[in-house]
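Descriptive structure summary
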Amino acid sequence: MKIQRFSRIGFIMAAAGSAVGLGNIWKFPYMTGEYGGGAFVLVYLITIAFIGFSVMVAEMLIGALGRLDTVSSFEELAPPDKKQWKYAGFMGFNGIIIMTFYSVVIGWIFYYLFRLLNGLPSTTDKAKDIFNTLVGNEPGIQIFWHTVAVLIVGYIVYKGIKGGIEKINLILMPSLMAILFGLLFYAFTLDGFEKAFEFMFAPKWEKLNSEAIVRAVGHSFFTLSLGMGAILTYAASLPKNANITQTALIVTFMDTLIALVAGLVIFSFLFQFGAEPGQGPGLVFISLPTILKNFGTLGIFFALMFFLALAFAGITSAISLVEPVVQYLIDRFDYTRTKAVVVTSFIYWIVGIGALLSYTKEWGEMFSIGKKPLFDILEYTTDSILLPLGGLLIAIFVGYILHKDRVRAALEHEMGDRVFHIWRFSIRYIAPVALIFMMLNLMGIIKI
Ligand code: TRP
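Description of the structure in this document.

The next thing to look at is the overall build of the protein chain. If you tally the helices and strands in the protein chain, you get 18 helices and 2 strands. Relative to the compact-globule value of 22 Å for 448 residues, the protein chain shows a C-alpha radius of gyration of 21 Å, a close match. With respect to the three principal axes, the spread of C-alpha positions in the protein chain is 65 × 45 × 45 Å. Relative to all contacts within the protein chain whose residues are 6 or more apart in sequence, the contacts with residues 24 or more apart total 81%. Accessible surface computed for the protein chain: about 17700 Å², of which carbon and sulfur atoms make up 66%. Both charge centroids of the protein chain, one from 33 positive and one from 29 negative side chains, sit 5 Å from each other.

Taken as a whole and judged by the stated rule, the model has 47 aromatic pairs. On the basis of an interplanar angle of 45° and a centroid distance of 5.5 Å, the ring pair of phenylalanine 114 and tryptophan 145 is categorised as tilted. Within this pair, whereas phenylalanine 114 is found in helix 5 (residues 94–116), its partner tryptophan 145 is found in helix 7 (residues 139–158), the two being separated by 31 residues in sequence. Their ring planes at 80° and their centres at 4.9 Å tell us that phenylalanine 144 and tryptophan 145 sit as a pair that is edge-to-face. The ring of phenylalanine 222 carries the charged tip of lysine 27 above its face, separated from the ring centre by 4.6 Å. Its end group placed over the ring of tyrosine 335, lysine 339 keeps NZ or CZ at 4.2 Å from the ring centre.

Let us now look at the pattern of salt bridges. Taken as a whole and assessed by the stated rule, the structure comprises 6 salt bridges. Between arginine 408 and glutamate 412 there is a salt bridge, and its shortest N-O distance comes to 3.1 Å. Of this pair, arginine 408 and glutamate 412 both sit in helix 17 (residues 404–415), 4 residues apart, which is roughly one turn of that helix. Where salt bridges share partners, they join Lys27, Glu379 and Asp383 into one cluster.

All right, on to the side chain of threonine 245 then. Positionally, threonine 245 belongs in helix 12 (residues 244–272). Residue threonine 245 is classed as buried on the basis of its relative accessible area of 11%. Contact partners of threonine 245, with chain neighbours within four places excluded, come to Phe53, Leu411, Glu414 and Met415.

The next point concerns the packing of helix 2 (residues 22–34) against helix 14 (residues 297–333). As a packed pair, helix 2 and helix 14 sit with axes 8 Å apart at the nearest point and diverge in direction by 120°. Here helix 14 runs oblique to helix 2, going by the angle between their axes. Facing Leu22, Ile25 and Trp26 of helix 2, the residues of helix 14 in contact are Phe306, Ala309, Leu310, Ala313 and Gly314.

Moving on, we come to helix 12. Along its 29 residues, helix 12 runs 42 Å from first to last C-alpha, staying within 8% of the 42 Å computed at 1.5 Å per residue. With a side-chain oxygen lying 3.2 Å from the backbone nitrogen of threonine 245, the N-terminal cap of helix 12 falls on asparagine 243. Taken from the residues just after helix 12, glycine 274 is the one with a positive phi, measuring 70°.

Another point: the nonpolar core. Side chains that are nonpolar tend, in soluble globular proteins, to be buried together. Counting 167 residues, the largest nonpolar core has Leu176, Phe285, Phe397, Leu411 and Trp423 as its most contacted members. The dominant element in this core, judged by the number of residues it contributes, is helix 14, at 19 residues. If we skip the residues at most four places from it in the chain, tryptophan 423 touches Ser54, Val57, Ala58, Val398, Val407, Leu411 and Met415.

Here we take up the environment of leucine 329. The residue leucine 329 is located in helix 14 in this model. Taking the C-alpha atoms as reference, leucine 329 lies 23 Å from proline 239; in sequence the two are 90 residues apart. If sequence neighbours within four positions are ignored, leucine 329 has contacts with Asp334, Tyr335 and Ala340.

Quick notes on the rules
Residues numbered from 1 in each chain as written. Predicted model: local features only at pLDDT ≥ 70, side-chain atom pairs only at ≥ 80, totals over all residues. Heavy atoms only, no water. Helix = DSSP H or I, 4+ residues; strand = E, 2+ residues; numbered from the N terminus. Rg over C-alpha atoms; globule rule 2.2 N^0.38 Å. Contact = heavy atoms within 4.5 Å. Areas by Shrake-Rupley, 256 points an atom, 1.4 Å probe, with all protein chains shown as cover. Lys, Arg positive; Asp, Glu negative; His and termini not counted. Charge placed at Lys NZ, Arg CZ, Asp CG, Glu CD. Phe/Tyr/Trp six-rings, centres within 6.5 Å; stacked < 30°, edge-to-face > 60°. Lys NZ or Arg CZ within 6 Å of the ring centre and 35° of its normal. Salt bridge = Lys/Arg side-chain N within 4 Å of Asp/Glu carboxyl O. Buried < 20%, exposed > 50% of the residue type's maximum accessible area, 1.4 Å probe, protein only. Axes fitted to C-alpha atoms, helices over the stretch in contact; angles between N-to-C directions. Parallel < 35°, antiparallel > 145°, perpendicular 65-115°, else oblique. Expected span 1.5 Å × (residues − 1). Polar contact = N/O pair within 3.5 Å; in protein donor to acceptor, adjacent residues only side chain to side chain. Core = buried A, V, L, I, M, F, W, Y, C linked by side-chain atoms within 4.5 Å.

In structure tokens:
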């Protein structure tokens, strides 16, 4: 049973801290670069507004009404003859799978922060070399930083909702925003800014293929931390009488704003010196450091600030990926918090080592299935199958299983009658259809 409650601002920061993550600062810019900019951004914004926001309200509602861990909340809220819905709560375990590679990437960021103190690479080749050597040839260094990430995240979760999660988010989230807005101000002064703005907001429809659409929809779920019980678990500690609709709106807005700001900053820097936007996952690890080199000492400062923001974003998201399972083990198995954190951390730490080894030259084959490295398998399974599945279960549960009167009683006074009906339509029809369609597409079963 849970007694701790977030403060209002604490909850907003924690939920925004979960949402704002590597997805915003690392993934969103490189995806925008790969899929040609404006039109991709537009699809992403539309999905956030019409589907992401609705599902966020639904997920928060389950937590706020259930007030327990993911499994127990579903079980508690399901009608007597539908108690098998508790199995939907196992979506929380997906967080541990995501953490296997998420903490490896946080480890890379730590390594970069440390490495940057020695200066920036002067050419793209050198930058590529640093990144590829780390990922391909230096498992020991990676394991070290991955372990640091696991320990930091574990420690915060161990300190609990109030003393750990709320506290750290109240510090890191404002710091993260200050850094990013500071960088944005500087970016304003660059010639590259105008180009960056155009690249991100002028839709080039010819670049918008079906793959780009599906990826934009998928990303809008990932970036809002939906479909895994993270928001649900936090909402179980929501202060009494909190306004769910308003909170979801603020969190969605902050997440989107930060993704757009991060994109503008990165592309302004890149375009300033004529670099290409379509660099893939190496964008912030390879292109950005080289470009910042052109700014001299100031460049090192920018790079440090940027990777610091990335580290903050990663840590606050990671704790939300771990907390659901920890809460579950405490609620259902009477684990102490310490034991729950140790057990969960140990599992994703070990599998995470397998994931990072799967990218190395020496161990790659051993940790691959067929030609697919374990890292990619873990990422694909969560991103393309488990998260959309979780989102679908949440939408169906709130749209069809929870009694309408109960949902109405909780939300109508916040939204008003009209918006409530639109929201409910989105949860019952638009979100499930979009999610099923996306899953089938990502799994390669149908192609648009
Ligand atoms: N939203 C985070 C990001 O953008 C990642 C994340 C944290 C997440 N918790 C989640 C994704 C829960 C899905 C579900 O990086």
